[in-house]
Amino acid sequence: MPAIGLVYDGHAQHLPPASARATHIETPERVSVIYRALGKARLLDRLTRVAPREATRAEAEAVHTAEHLDALEALADAEPSLRGAWRGGAGGGWSLGRDMFHDAQTACAARRAAGGVVALTEAVLRGEISSGFALVRPPGHHACEDRMAGFCFLNSVAVAARAALSPRGGLRRVLVVDWDVHHGDGTQAIFEEDPAVLFFSLHRFGRGFFPGTGAASCVGGGAAAGRTVNVPFRREGMGDAEYLAAFDALLLPIARALPSSSSPPRAHPRLARDWAESRREPSIRSSSSSRPASTRREATGWAGWTSPRVGSRGWRRGCGRWRGGGGSLPSRGATK
């Protein structure tokens, strides 16, 4: 049985300005503490290391605009600073704010993060590992095709998914599961009209919680209508039991049921919304062995996807305006 892979880039690059280094949450320690925890748990010796590499320009351009990539490269010569989001197009550029920071190493760090996820995915596709974990930074799921935001410069998982779907990767369908507390607005915007990608997200939603997207009614558009599935939790404190219930009642039935040639039913937005909002209180139990009684197959027969592998309304065009409109459950896959 092939091993589980690990990509880890421990270089202390892409740092906040000195004035914010003690308080900013996106620092090298965010990943190094996870790496140390793996070592303390004696798991590192059981993982196969996959070397990180930089994503190529062609790999990044499969997701992002040329203007986006040029703006990222220009940061290498810019004075290190804190900024808001960057948006391409007429009237675009950097906005005021303190979420985003950059230094001379930011562009390289973003390319290595995206390239590391691609390298892990390629190792899975070659059969060298059965699955993997990419412990990389900066993060990526808020980056759109022409927007850098939410600490994210390149959308690493989107770049890896497009690489897997390329002639070299050889896949016909990819499932992306995003379980970060924040909605992956960038990933959704990139794939909302791509029928080759099923995007599934569980996240906090409402009351001004960043980024404010990810309603259950967002299901994708065009030929990809139904290929976006959002599970918006409106309450704090959801733990292992609630996430396992969502996977069991929503994700797995959806991912298993859809033949590649058929259009998905339109029932899942209402059912996902009702299911998420029925979690009125977090479960007291939070271990992988505890599944609440509400974990039932209410989703049986929904849209889903069949085989290969790897791991309505929606935001469009840099997540900046609303538009109408929204594979495979991997038997082997790379996750981030």
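Report follows, based on the coordinates.

Conventions used here
- Residues numbered from 1 in each chain as written.
- Predicted model: local features only at pLDDT ≥ 70, side-chain atom pairs only at ≥ 80, totals over all residues.
- Heavy atoms only, no water.
- Helix = DSSP H or I, 4+ residues; strand = E, 2+ residues; numbered from the N terminus.
- Buried < 20%, exposed > 50% of the residue type's maximum accessible area, 1.4 Å probe, protein only.
- Areas by Shrake-Rupley, 256 points an atom, 1.4 Å probe, with all protein chains shown as cover.
- Pairing = 2+ DSSP bridges.
- Axes fitted to C-alpha atoms, helices over the stretch in contact; angles between N-to-C directions.
- Contact = heavy atoms within 4.5 Å.
- Core = buried A, V, L, I, M, F, W, Y, C linked by side-chain atoms within 4.5 Å.
- Salt bridge = Lys/Arg side-chain N within 4 Å of Asp/Glu carboxyl O.

The next thing to look at is the overall build of the protein chain. Of regular secondary structure, the protein chain possesses eight helices and 14 strands. Put simply, the protein chain has 336 residues, and 53% of those count as buried. Approximately 14,900 Å² of the protein chain is accessible, and the part contributed by carbon and sulfur atoms is 52%.

Remark on secondary structure: sheet strands pair via backbone hydrogen bonds, oriented parallel or antiparallel. In space, the three strands of this open sheet follow the order E9-E10-E11, with parallel pairing throughout. Strands at the two margins of the open sheet, each flanked by one partner only, are strand E9 (174-178) and strand E11 (228-233). On average, each strand axis in the sheet is inclined to that of its neighbour by 5°, with strand direction left out of account. Two strands pair when backbone bridges link them, and E9 and strand E10 (residues 197-204) are joined in this way by five bridges, in the parallel orientation. If you follow Leu 175 over to E10, its bridge partner there is Leu 198. Along the sheet face, helix H7 (residues 240-257) touches E9, E10 and E11 and points at about 160° away from the line of E10.

Below, the discussion takes up the nonpolar core. Membership of the largest hydrophobic core comes to 29 residues, with the highest contact counts inside it found for Val 50 and Val 174. Among the secondary structure elements, those contributing two or more residues to this core are helix H4 (106-125), strand E7 (129-135), helix H5 (156-165), E9, helix H6 (185-191) and E10. Of all the elements, H4 adds the most residues to this core, at eight residues.

Any two side chains of opposite charge can pair if their charged atoms end up close together. Within this structure, the stated rule accounts for twelve salt bridges. One salt bridge connects Arg 53 with Glu 59, and the closest N-O pair in it is separated by 2.8 Å. In this structure Glu 59 comes out as buried when scored by relative accessible area, which is 15%. For Glu 122, the salt bridge is made with Arg 53, and the minimal N-O distance between the two is 3.5 Å. You can see Glu 122 sitting in helix H4 and its partner Arg 53 sitting in the loop between strand E2 (47-49) and helix H2 (57-61), a full 69 residues away along the chain.

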